[in-house]
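An overview of the molecular structure
Chain by chain, the residues:
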Amino acid sequence: MLLVEDDDRLAAALTTALSRHGHQIVRAGLAVDALRLAGGVDFVLLDLGLPDMDGLEALRRVRRVSAVPIIVVTARTEEREVLRGLRSGADDYLVKPFRTAELMARMEAVVRRGTRPMPARDHVVTVGDVRIDLETRQVSVDGEAVTLTRREFDVLALLARQPGVVRSREEILDEVWGDPLLSASRSLDVHVAGLRAKTGRPGLVETLRGTGYRLGGQ
């Protein structure tokens, strides 16, 4: 099990408690170490308050390449933070302080639910003659490069990582703008319109009225 926690005292207490329940613990105090180690463990406990990177960003990066079960353990109590954690790929969210018995019960429940589907590993997504390179952040249509703004590409990339999956407006606003309750949510419509106009493919982003958006055909 990988324990990602920068507080030495809490990490030591958790390590002792989890070891008593038969778990072998690998501890990381930095997100960069967590990203390196996450692929070789069976479970991850992730604190969000890390010194080198926001824990939510670390969570998203792990989820792009791994389906390992992850429980977020954090002092962040706001409902918005809980939702962001779950939408970013956490299997559960536990607020500090908590009892070891509750943590063990949550871990057992996550294991019972089974492994989530693996994210797509392809860096390039093709829809008809539209080519989306998620790694280099480049888009081309019929071989011609298309220039997008940073947020236009971020919206397109979010949809392209899981083609066919519907993303709600709130989820996109949270992921791209960092605010699911953004009052000026009209900006999302403007960016989607920009994507359709610049690519010349109005069907590239499909609107599901009252639900959200997904990557479509052309």
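None of these values were measured; they are calculated from a predicted model.

As for the nonpolar core
In this structure, Ile 132, Val 139, Leu 156, Ile 172, Leu 188 and Leu 215 are the most contacted members of the largest nonpolar core, which totals 27 residues. Broken down by secondary-structure element, the contributors of at least two residues to this core are strand 6 (124-127), strand 7 (130-133), strand 8 (138-141), helix 6 (150-160), helix 7 (169-177), helix 8 (186-199) and strand 12 (212-215). Apart from the residues lying within four places of it in its own chain, the contact partners of Val 139 are Val 130, Arg 131, Ile 132, Glu 144, Ala 145, Val 146, Leu 148, Phe 153 and Leu 156. One finds Leu 2, Val 41, Leu 46 and Val 72 within the second-largest nonpolar core, a separate group that totals 21 residues.

Details of helix 1 (residues 8-20)
Over its 13 residues, helix 1 runs 18 Å from end to end, which matches the ideal 18 Å to within 8%, given 1.5 Å per residue. Looking at the packing, one finds that the buried side of helix 1 touches strand 1 (2-4), strand 2 (26-28), strand 3 (44-46) and helix 5 (100-113). The residue sitting at the N-terminus of helix 1 and contributing the capping side-chain oxygen is Asp 7; that oxygen lies 3.0 Å from the backbone nitrogen of Arg 9. Immediately downstream of helix 1, the backbone of Gly 22 shows phi near 90 degrees, a positive value.

Some points on the UniProt feature "domain: Response regulatory" (unreviewed entry) in the chain
Summarizing the sequence annotation, UniProt attributes the feature "domain: Response regulatory" (unreviewed entry) to residues 1-111 in the numbering used throughout. Between the end C-alpha atoms of residues 1-111 the distance is 13 Å, and the span holds 47% helix and 16% strand.

Structural notes on the side chain of Asp 92
For Asp 92, the position within the fold is in strand 5 (residues 92-95). Residue classification places Asp 92 among the buried positions, given a relative accessible area of 16%. Once you skip the residues sitting within four places of it in the chain, Asp 92 turns out to touch Ile 70, Ile 71, Val 72, Leu 86, Arg 106 and Val 110.

Observations regarding the sheet that holds strand 2
Spatial ordering of the open sheet is given by 2-1-3-4-5, a layout of 5 strands whose pairing is parallel. Among the strands making up the open sheet, the edge pair consists of strand 2 and strand 5. Each strand axis lies, on average, 20 degrees off the axis of its neighbour in the sheet, ignoring direction. In the sheet, strand 3 pairs with strand 4 (residues 70-74) via 3 bridges, with the strands oriented parallel. Residue pairing across strands places Leu 46 opposite Val 72, the latter belonging to strand 4. Sheet contacts for helix 5: strand 3, strand 4 and strand 5; angle to strand 5, the most-contacted strand, approximately 175 degrees.

The rules behind each value
- Residues numbered from 1 in each chain as written.
- Predicted model: local features only at pLDDT ≥ 70, side-chain atom pairs only at ≥ 80, totals over all residues.
- Heavy atoms only, no water.
- Core = buried A, V, L, I, M, F, W, Y, C linked by side-chain atoms within 4.5 Å.
- Buried < 20%, exposed > 50% of the residue type's maximum accessible area, 1.4 Å probe, protein only.
- Helix = DSSP H or I, 4+ residues; strand = E, 2+ residues; numbered from the N terminus.
- Contact = heavy atoms within 4.5 Å.
- Expected span 1.5 Å × (residues − 1).
- Polar contact = N/O pair within 3.5 Å; in protein donor to acceptor, adjacent residues only side chain to side chain.
- UniProt positions renumbered as here; feature names shortened; annotations may be inferred.
- Pairing = 2+ DSSP bridges.
- Axes fitted to C-alpha atoms, helices over the stretch in contact; angles between N-to-C directions.

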